[in-house]
There are 2 protein chains.
Amino acid sequence: MSKQEIAVQAGGGCCQPISEAALDPNQAAEGATVFKALSDPIRLRLMSIIASANGEICVCDLTGQFDVSGPTISHHLRVLREAGLVDCERRGTWVYYWPVPDRLQWVSALLSIPEVAATR
Amino acid sequence: MSKQEIAVQAGGGCCQPISEAALDPNQAAEGATVFKALSDPIRLRLMSIIASANGEICVCDLTGQFDVSGPTISHHLRVLREAGLVDCERRGTWVYYWPVPDRLQWVSALLSIPEVAATR
């Protein structure tokens, strides 16, 4: 998925925060796909390492941080990419990953609630 | 889980936004549990209906909105409750559900990114 496609998807079809309006089935299906990508502890850690990196990070700097095989890391990265949460580019030997801020912002906004409600 | 326990859990152990710091394995495990609860389209719709209700909602007003059985809805509601996202109380025949704003705010903040990053 290209950055442009993700931007359209993130900005276009969806959504008011769930605290303001119930999701329709299509919106729920799209949101659930993103949450499923984040529902594995290794993927969520990977996502946080990529999101907190300074711009982008080499896959060679990701694999050493986990007690699982390289192919397993690659699988998890593919799931994050297919959910539109990260994107990547191969340069020579290595693949470099970066977060897709629009997508993260979209999913964060989906769960946001007004301050007044938070103090209930 | 009581409201008080959830408040302690939501406010205490975790986390900086993933755009600011990588999660440690314990934080990732807790976050993944919440995202897993939101990773099913029916559960996410249920969560949105409860979160956008005016305060609370009777389970009797939830079941009619889905083409699945009452016990299936009950199962999904239990998963949301165990993740700390909703709480409930039985009154007479019916159970009433409401959102846990602190928990929603916590998970929203986990994915939040600074505006400047979002314009990348």
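Everything here concerns the structure above.
Residues numbered from 1 in each chain as written. Chains lettered and ligands numbered in written order. Predicted model: local features only at pLDDT ≥ 70, side-chain atom pairs only at ≥ 80, totals over all residues. Heavy atoms only, no water.

Focus: the relation of the copies chain B and chain A
- Structural alignment of chain B on chain A gives an RMSD of 0.0 Å, achieved by rotating through 180 degrees and translating 0.0 Å along the axis. In symmetry terms, the pair is related by a two-fold rotation axis. Considering only C-alpha atoms, the part of chain B nearest the rotation axis is B:Ser108, at 2.3 Å.
- Looking at chain B, 100% of its interface residues are interface residues in chain A too, so the copies touch through the same face. (Least-squares fit on C-alpha atoms with pLDDT ≥ 70 in both. Contact = heavy atoms within 4.5 Å.)

Examining the sheet that holds strand β1 (residues 57-58) of chain B
All names here are of chain B.
- Within the open sheet, the 3 strands sit side by side as β1-β3-β2. Their pairing is antiparallel. On the outer flanks of this sheet lie β1 and β2 (86-91), each paired with one strand and no other.
- Across 6 bridges, the pairing between β2 and strand β3 (residues 94-99) is antiparallel. By the bridge assignment, Cys88 is partnered in β3 with Tyr97.
- Packing of helix α3 (residues 41-52) onto the sheet brings it into contact with β1, β2 and β3, and relative to β3 it is tilted by some 85 degrees.
- Sheet strands touched by helix α4 (residues 70-82): β2 and β3. Its angle to β2, the strand with the most contacts, is close to 125 degrees. (Pairing = 2+ DSSP bridges. Helix = DSSP H or I, 4+ residues; strand = E, 2+ residues; numbered from the N terminus. Axes fitted to C-alpha atoms, helices over the stretch in contact; angles between N-to-C directions.)

Quick word on the interface of chain B and chain A
- The partner chain A presents 41 residues to the 41 residues of chain B that form the contact.
- The junction of chain B with chain A conceals about 3,300 Å² of combined surface from both sides, 67% of it contributed by carbon and sulfur atoms.
- Connecting chain B to chain A are 0 salt bridges.
- If you list the elements that add at least two residues to the side of chain B that touches chain A, you get α2 (25-37), α3, α5 (101-110) and α6 (115-118) of chain B.
- Of the residues forming the side of chain B that touches chain A, the biggest block, 8 residues, is contributed by α3(B).
- Looking at the side of chain B that touches chain A residue by residue, the class counts come to 23 nonpolar, 9 polar and 9 charged. (Buried area = accessible area lost by both parts, 1.4 Å probe. Salt bridge = Lys/Arg side-chain N within 4 Å of Asp/Glu carboxyl O. Nonpolar A, V, L, I, M, F, W, Y, C, P; charged D, E, K, R; others polar.)

Some thoughts on the packing of α2(B) against α5(B)
All names here are of chain B.
- Close contact between α2 and α5 brings their axes to 11 Å; oriented N to C, the two are set at 110 degrees. In terms of their interaxial angle, α2 and α5 are classed as roughly perpendicular. By crossing handedness, the relation of α2 to α5 is classed as left-handed. Two secondary-structure elements touch here, α2 through Glu30, Gly31, Val34 and Phe35 and α5 through Arg103, Trp106, Val107 and Leu110.
- For the contact of α2 with α5, the residue count by class is 5 nonpolar, 1 polar and 2 charged. (Parallel < 35°, antiparallel > 145°, perpendicular 65-115°, else oblique. Left-handed = near helix turned anticlockwise from the far one by under 90°.)

Focus: the state of the cysteines
All names here are of chain A.
- Applying the stated criterion to the full structure yields 2 disulfides over all chains.
- With its sulfur 2.3 Å from that of its partner, Cys58 forms a disulfide with Cys60. The sign of the 130 degrees torsion about the S-S bond sets the Cys58-Cys60 disulfide as right-handed.
- Cys58 gets classed as buried once you look at its relative accessible area, which sits at 5%.
- Just so you know, Cys88 is unpaired, no disulfide at all, and the nearest cysteine sulfur is the one on Cys58, 11 Å from it. (Disulfide = S-S within 2.5 Å. Buried < 20%, exposed > 50% of the residue type's maximum accessible area, 1.4 Å probe, protein only.)

A few points about the sheet that holds strand β1 (residues 57-58) of chain A
Residue and element names in this part refer to chain A.
- Strand order in the open sheet formed by 3 strands is β1-β3-β2, with antiparallel pairing between adjacent strands. The open sheet is flanked by β1 and β2 (86-91), the only strands paired with a single partner.
- Of the strand pairs in this sheet, β1 and strand β3 (residues 94-99) are connected by 2 bridges, and their pairing is antiparallel. For Cys58, the partnering residue across the bridge sits in β3 and is Tyr96.

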